[in-house]
Amino acid sequence: MTQEPLAGLDDQQRRAAETLLGPVCILAGAGTGKTRALTHRIAHGVASGVYPPERVMALTFTTRAAGELRGRLRRLGAGRVAARTFHSAALAQLGFFWPQLVGGRTPEVLPGKGRLLGQAAESLRMRLDTAALRDLASEIEWRKVRRMPLDEYARVARASRTPPPGLDVDAVVELQQRYEDLKDERRAIDFEDVLLVTAGMLEAEQRVADQVRAQYRFFVVDEYQDVSPLQQELLELWLGPRSDVCVVGDASQTIYSFAGASNEYLLGFASRYPDAEVVRLERNYR
């Protein structure tokens, strides 16, 4: 049975759910019902006719969390709303636009970096153990979520990065370059490339940006404290000049800072959007 979107919400949650347009920031600690407020807000927007469901994109960071969002929205009568991770949303757009812009099939997405990094090391006559390969993969992710070219990474790494044990910065750069070359030879992309290439298409091709913005008008981001610089840029490209975005998060709960996530986007939301409605959920239900 479909639930009534505003039923059972406390005053703060209801305020968040009833603010449907413009920039909205919901600051919520653990146990305060933030996902409840977010999903009820979307469902209320759909039920009231403010949101055409196919024009709403709800974003989060893990496949499990996206599945939970879809389940909640379905129970609230908003099952046609897209609830995805940043990567799955970008991959869908990449799959749609790649054949038009580049031709042929979309490149294969690597399931992980370790195997190809091992082959890169072997081709350079370097012996790396599993821990070093894992650290090297983390460096690639750190660089890419900042959209940092390798030459810039080399400068930054010499000043502020600690290379994996047994490697110096020059070796790390050489390994990364060989990894990228092998990836290109095999017509493959990695997890971060999915976001990078999608962002590049949106920036370079106005018709791509126009088409995506015509499809999606209203954006909601759960766990916004975990957004990376690259994901934030992609969100801004999806939005374009509009500001119908609602972000939900807890600045004390950032868990992906090692991979480039920053709670500064959550804490600075009201500075970027001076007309933002900021709602604090403070009642703990745990």
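Structure first, text after, so check above.
To keep things clear, this report deals only with the structure shown in the data block. (Residues numbered from 1 in each chain as written. Predicted model: local features only at pLDDT ≥ 70, side-chain atom pairs only at ≥ 80, totals over all residues. Heavy atoms only, no water.)

Some points on the overall build of the protein chain
Right, so step 1: Check the secondary structure of the protein chain and you find 13 helices and 8 strands.
Right, so step 2: For the protein chain, the spread of C-alpha atoms along the three principal axes comes to 65 × 40 × 35 Å.
Right, so step 3: Residue burial in the protein chain is summarised as follows: out of 286 residues, 50% are buried.
Right, so step 4: Surface summary for the protein chain: the accessible area is close to 13800 Å², and the carbon and sulfur share equals 49%. (Helix = DSSP H or I, 4+ residues; strand = E, 2+ residues; numbered from the N terminus. Buried < 20%, exposed > 50% of the residue type's maximum accessible area, 1.4 Å probe, protein only. Areas by Shrake-Rupley, 256 points an atom, 1.4 Å probe, with all protein chains shown as cover.)

Description of the sheet that holds strand β2 (residues 56-60)
Right, so step 1: The strand order across the open sheet formed by 6 strands is β3-β2-β6-β7-β1-β8, and the pairing between neighbours is parallel. A strand with exactly one partner marks an edge of an open sheet, and here the two such strands are β3 (82-85) and β8 (277-281). The sheet shows a mean angle of 15° between the axes of neighbouring strands, taken without regard to direction.
Right, so step 2: Relative to strand β7 (residues 245-249), strand β1 (residues 24-28) runs parallel, the two being bridged by 4 bridges. Directly across from I26, in β7, lies its bridge partner V248.
Right, so step 3: Helix α1 (residues 11-18) contacts β1 and β8 of the sheet and is inclined by roughly 150° relative to β8.
Right, so step 4: On top of the sheet, helix α2 (residues 34-47) reaches β1, β2, β6 (218-221), β7 and β8; it is set at about 170° to β6, its chief contact. (Pairing = 2+ DSSP bridges. Axes fitted to C-alpha atoms, helices over the stretch in contact; angles between N-to-C directions. Contact = heavy atoms within 4.5 Å.)

Some thoughts on the pairing of β3
Right, so step 1: Bridge count between β2 and β3: 4 bridges; the pairing is parallel. In the sheet register, M57 faces β3, and the bridge partner there is A82.
Right, so step 2: Read as a crossover between parallel neighbours, the route from β2 over helix α3 (residues 63-75) to β3 is right-handed. (Right-handed = clockwise from strand over helix to strand, strands pointing away.)

Regarding the nonpolar core
Right, so step 1: Ranked by size, the top nonpolar core spans 39 residues in total, and within it L59, F86, F219, L235 and W238 carry the most contacts.
Right, so step 2: Broken down by secondary-structure element, the contributors of at least two residues to this core are β1, β2, α4 (86-101), α9 (191-204), α10 (206-215), β6, α11 (229-239) and β7.
Right, so step 3: Discounting residues that sit within four places of it in the chain, L235 has contacts with L59, F86, F219, V221, Y224 and V245. (Core = buried A, V, L, I, M, F, W, Y, C linked by side-chain atoms within 4.5 Å.)

Some remarks on the packing of aromatic side chains
Right, so step 1: One pass over the full model with this rule turns up 9 aromatic pairs.
Right, so step 2: What links up through ring pairs into an aromatic cluster is the set F61, F86, Y216, F219 and W238. (Phe/Tyr/Trp six-rings, centres within 6.5 Å; stacked < 30°, edge-to-face > 60°.)

Points about the environment of N263
Right, so step 1: Note that N263 resides in the loop between β7 and α12 (264-267).
Right, so step 2: Among the residues examined, N263 registers a relative accessible area of 23% and is labelled partly exposed.

What about the pattern of salt bridges?
Right, so step 1: Per the stated rule, a full pass over the model turns up 20 salt bridges.
Right, so step 2: Here R14 ties to E18 by a salt bridge, and the two come within 3.4 Å at their closest N and O atoms. With a gap of 4 residues between them, R14 and E18 both fall in helix α1, about one helical turn apart.
Right, so step 3: Taking relative accessible area as the criterion, E18 reaches 41% and is therefore assigned partly exposed.
Right, so step 4: For the salt bridge of D193 with K144, the shortest nitrogen-to-oxygen distance reads 2.8 Å. In this pair, D193 is assigned in helix α9 and K144 in helix α6 (residues 130-144), connecting sequence segments 49 residues apart. Both residues of the pair, D193 and K144, count as buried.
Right, so step 5: Among the charged side chains, a network of salt bridges with common partners joins R143, K144, E180, K183, D190 and D193. (Salt bridge = Lys/Arg side-chain N within 4 Å of Asp/Glu carboxyl O.)

This is a description of form; function is not addressed.
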